[in-house]
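Single-letter residue listing:
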Amino acid sequence: MSMFKWDQDGDGIVTITMDDPNQPVNTMNDTFQGELPELVEKLQGAVESGEAKGVVITSAKKTFFAGGDIKSMIKSTPEDAEAITKQINGMKAGLRAIETLGVPVVAAINGAALGGGLEIALATHHRIASDAKGLKVGLPEVTLGLLPGGGGVTRVVRMLGIQDALMKVLTTGRQFRAEDALKTGLIDEVAPADQLIDAAKKWIKENPEASQPWDQKGFKIPGGTPTNPQLAQFLPSFPANVTKQIKGAPMPAPKAILKAAVEGAQLKNIEEALAVETRYFVELVTGTTSKNMMQAFFFDLQYCNGGGSRPKDVEKKQFKKLGMVGAGMMGAAIAYVAAKAGMEVVLKDIKMEAAEKGKSYSEGLEAKALKRGKTTEEKSKALLDRIKPSVDYSDLSDCDIVIEAVFENTELKHKVWAEIEAAVPEDCVLGSNTSTLPITELATGVKRPKDFIGIHFFSPVDKMPLVEIIKGEETSDETLAAALDFTGQIRKTPIVVNDSRGFYTSRVIGFFLNEAMRMLAEGIDPAVIEAAGRQAGYPAPPLQLQDELNLKLARKIGSETRAAQEAAGLTVDDGGVTEIVDKMLDVYDRPGKLEGKGFYEYNEEGRRTGLWRGLWDELGAGKVKVADGESTVAGSGLDSAAAGAAQKAAADPSGVAAGSNVPADAPAFIDLVERPLFAEALETQKCIDEGVLTSDADANIGSIMGIGFPAWTGGTRQYIKNYDRPAAATLPEGKVADRDGGDYPTRGVAGFVARAEELAAKYGERFTPLESLKK
Ligand code: NAD
């Protein structure tokens, strides 16, 4: 065996050390699968002969075990279902044999045990994690559109009970620190790293009769099975909770987890429950959504975080001191993340009061962190001491990077940059946090345009993981590399884009918001628009998001964009959006959440209390009926609870939409679901054609992590590449889908193009697929 090192001590305890000879991490790849039966056989032999008295499973890698082999999983198609089922069942039989060896088996978890790694540990009698820094355990499969199919669902349900298993572990995909895993019951003990194996052996000696609870007589699942009246009472709320968690998005994994957990719990025999789990896993792994999510959250994320777009031959830079100019909402928060990462920060504003107020943002966050036990007095004080409020440019004299976040105005920024440049060292990186102003144009205000770059953060900076790096025409490779090194140092995920109005993210998100406002202008019920946004899987529905971003800003960006388009000789069809925005601002004074009135009403605490009645009464929304809301939703394979929510929304408050009593040319609900997705994806493709984007990974990660493009799609570009026409989108008269043996494309780029053409015919030229896609 090359994967499993065998080491037996004088007490008859066998230590199995997992160490894949061909990879830096252990995964459930062919080597593992191929050698597991041999390992099991050898163990069984050693137990039978009385040689082996116990088994410790550990790893020689930095991590314990990384999990499933994503490189092979992402390739699996429905045709592979049978082969995958066989493979998984083989592995499960191996793990089952290990937990029924007849001697105590302990997992000595020396590093991260996620997914398959934890599943191996769950098939032992006792789990001890080391206190190694950053060690994580959990079952994050759901975040890749999968379920823990190596026994994870079945064993966690039997260990923690259905409710906790689902809500704490399986549907959240949470990655637990060792202490939290201990509290939740996923592991049994935490030991100092250098005493891990000793602790495992000690437990074996003290527990010679160990066996799994489910192999003991009279075992009952904690909290009972679904037939238990007490649990049955709560069961109906599970699907609703799961739906709430995924906000109605068409994500099959959480639902499959729910089914596997509940059905498995009803089966007394654990082997049968494991088989049920396999069935649901195979369905997910061979489906579309898991591929999208594996692509985005594994490969694309790795590309971005691993410096995929970083110029290769530039030496890595380590930053010591940030000059943060502008201590407003963004500047204050950027200062915080930099100080948290150990950098010194000069936080400069015009008045000392403003600079100090900027620092108080960090003080607030640290006070909270202290209260929650997430930091210590000492660390917190040191962090805050690193932030120096200032009004003096000369304080920037020893900064190795400056980020400017003053008001969004070119003239002001030019003026500020002249002063910054005069104060900082010659080799200081010059970054602007502008959200829309072209970097090349801003760079005309500095003497060193090659050192100038866009470093675009997202609000709230301390929570949002993404940073958009924008290269101006003259930005050098060294500056790009340095900006990426900085992003890495503050532990953010970067995407790299070329200069354009709104860059990539701000430009594309506008198409989501605009499409919703177009619908409103068309007379569609706002509650239906929001329901469609939720069903598309957006984390926040469009009108709610527009309220958060504020209509004043929308008007400003809209008029700038329009002016630019007109200057370029383009005719602008805004679909009535400008009129809506103008009326909302000038007639009804409803800019958004900040003012407590927008598309929604807000109470005194700033909480949404419902859509503003005036949208129907004053703006005439709701007069257009939406075709077949009810059956469309049900037919799309989406969740019935989500369908219920959509119907309720559709019925509220004007009673339009769902129902069959609508004109033949009425927009279909599924069109409303897909329109914003297509609008954003098409604009992304334009960014690719124009060279604003240079990799699919940047497109996908930027869209999901920066602007809330639905995670199940795998991002804007993956959505096009792996498009899968929903059943609810009925084909044009007389056409037969390729998947049913016809020749009408429903999948991939061709399927996307066909559907875009339909939307263009029905809703306007903006959906006309680009030539690059047709090719
Ligand atoms: P803000 O109004 O909260 O803060 C701007 C700060 O700059 C104010 O404190 C102001 O006093 C200060 N300032 C103005 N002139 C200055 C000068 N000469 N020297 C030093 N400080 C000066 O604005 P904000 O929301 O933090 O946005 C700042 C920048 O970040 C803008 O370019 C904006 O487009 C961009 N941005 C904003 C967001 C967002 O969500 N708000 C997101 C990404 C990027």
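Residues numbered from 1 in each chain as written. Predicted model: local features only at pLDDT ≥ 70, side-chain atom pairs only at ≥ 80, totals over all residues. Heavy atoms only, no water.

In the annotation of an unreviewed UniProt entry, the entry for the protein chain reads FadB1 protein, and the organism field reads Corynebacterium jeikeium. Here is the UniProt Catalytic activity (unreviewed entry) comment for the protein chain, exactly as written: "a (3S)-3-hydroxyacyl-CoA + NAD(+) = a 3-oxoacyl-CoA + NADH + H(+)". (UniProt positions renumbered as here; feature names shortened; annotations may be inferred.)

*Asks:* With reference to specific residues and values, describe the overall build of the protein chain.
*Replies:* When you go through the protein chain residue by residue, the secondary structure sums to 32 helices and 19 strands. The C-alpha radius of gyration computed for the protein chain amounts to 28 Å, which stays within 12% of the reference 28 Å derived for 775 residues, consistent with globular compactness. Taken along its principal axes, the extent of the C-alpha atoms in the protein chain is 85 × 70 × 55 Å. Across the 775 residues in the protein chain, those meeting the buried criterion constitute 55%. Expressed as a percentage of contacts within the protein chain between residues at least 6 apart in sequence, the contacts between residues at least 24 apart total 73%. (Helix = DSSP H or I, 4+ residues; strand = E, 2+ residues; numbered from the N terminus. Rg over C-alpha atoms; globule rule 2.2 N^0.38 Å. Buried < 20%, exposed > 50% of the residue type's maximum accessible area, 1.4 Å probe, protein only. Contact = heavy atoms within 4.5 Å.)

*Asks:* Tell me what's going on with the nonpolar core, and back it up with residues and numbers.
*Replies:* Ranked by size, the top nonpolar core spans 102 residues in total, and within it Ile420, Phe599, Leu615, Tyr719 and Phe752 carry the most contacts. Per-element accounting of this core gives the leading share, ten residues, to helix α28 (residues 669–689). Sequence-distant contacts of Ile420, defined by excluding residues within four places in its chain, comprise Val325, Tyr393, Leu396, Val402 and Glu404. One finds Phe65, Ile84, Met159 and Ala256 within the second-largest nonpolar core, a separate group that totals 84 residues. (Core = buried A, V, L, I, M, F, W, Y, C linked by side-chain atoms within 4.5 Å.)

*Asks:* Any chance you could break down the site of the ligand for me, citing the residues and the numbers?
*Replies:* Around the ligand there are 22 residues in total, and Met330, Asp349, Glu408, Lys413 and Ser435 lie nearest to it. A distance of 2.8 Å separates an oxygen atom of the ligand from a polar backbone atom of Met330. Within the side chain of Glu408, a nitrogen or oxygen atom sits 2.4 Å from an oxygen atom of the ligand. Protein chains shield 79% of the accessible area of the ligand, which is 830 Å² for the free molecule. For the shell around the ligand, the elements supplying multiple residues, two or more each, are α14 (329–340), α17 (410–423) and β15 (452–457). Its residues assigned to classes, the shell around the ligand shows eleven nonpolar, seven polar and four charged. (Near = heavy atom within 4 Å. Polar contact = N/O pair within 3.5 Å; in protein donor to acceptor, adjacent residues only side chain to side chain. Areas by Shrake-Rupley, 256 points an atom, 1.4 Å probe, with all protein chains shown as cover. Nonpolar A, V, L, I, M, F, W, Y, C, P; charged D, E, K, R; others polar.)

*Asks:* Explain the packing of aromatic side chains residue by residue, including any values.
*Replies:* Applying the stated rule across the entire model yields 17 aromatic pairs. Seen in terms of ring centroids, Phe4 and Phe32 are 5.7 Å apart; in terms of plane orientation they differ by 55 degrees. Their pairing is tilted. With a gap of 28 residues between them, Phe4 in strand β1 (residues 4–8) and Phe32 in helix α1 (residues 30–48) connect regions that are remote in the sequence. Judged by relative accessible area, which is 4%, Phe4 ranks as buried. Judged by its relative accessible area of 1%, Phe32 is buried. Centre to centre, the rings of Trp712 and Tyr719 are 6.3 Å apart; their planes meet at 90 degrees, and the pair counts as edge-to-face. For Trp712, a relative accessible area of 16% corresponds to the buried category. By way of ring pairs, the aromatic residues Phe512, Tyr538, Phe678, Phe709, Trp712, Tyr719, Tyr723 and Phe752 are connected into one cluster. When the ring centre of Trp6 is taken as reference, the NZ or CZ atom of Lys42 above it lies at 4.3 Å. Across from the ring centre of Tyr600, 5.8 Å away, lies the NZ or CZ of Arg608, which sits over that ring. (Phe/Tyr/Trp six-rings, centres within 6.5 Å; stacked < 30°, edge-to-face > 60°. Lys NZ or Arg CZ within 6 Å of the ring centre and 35° of its normal.)

*Asks:* Report on the environment of Asp385, specifying residues and quantitative values.
*Replies:* With respect to the helices and strands, Asp385 occurs in helix α16 (residues 377–385). Sequence spacing of Asp385 and Ala339 is 46 residues, and the spatial spacing of their C-alpha atoms is 8.8 Å.

*Asks:* Describe the domain arrangement of the protein chain, listing the residues and the values that go with them.
*Replies:* We note that the domain assignment places domain 1 (4–286), domain 2 (321–502) and domain 3 (506–618) within the protein chain. Centre-to-centre, using C-alpha coordinates, domain 2 lies 30 Å away from domain 3. Between domain 2 and domain 3, the residue contacts involve seven residues of the former and seven residues of the latter. Of the roughly 540 Å² buried where domain 2 meets domain 3, counting both sides, 45% is carbon and sulfur surface. (Domains from an automatic or database assignment. Buried area = accessible area lost by both parts, 1.4 Å probe.)

*Asks:* Describe a negative patch on the surface, with residues and values.
*Replies:* A contiguous patch of negative charge, built from Asp131, Glu179, Asp194 and Asp198, is present on the exposed surface. Among the secondary structure elements, Asp198 is positioned in helix α8 (residues 196–206). Residue Asp198 is classed as exposed on the basis of its relative accessible area of 54%. (Patch = residues over 30% accessible without salt bridge, like charges linked within 9 Å, V, L, I, M, F, W, Y side chains within 5 Å. Salt bridge = Lys/Arg side-chain N within 4 Å of Asp/Glu carboxyl O. Lys, Arg positive; Asp, Glu negative; His and termini not counted. Charge placed at Lys NZ, Arg CZ, Asp CG, Glu CD.)

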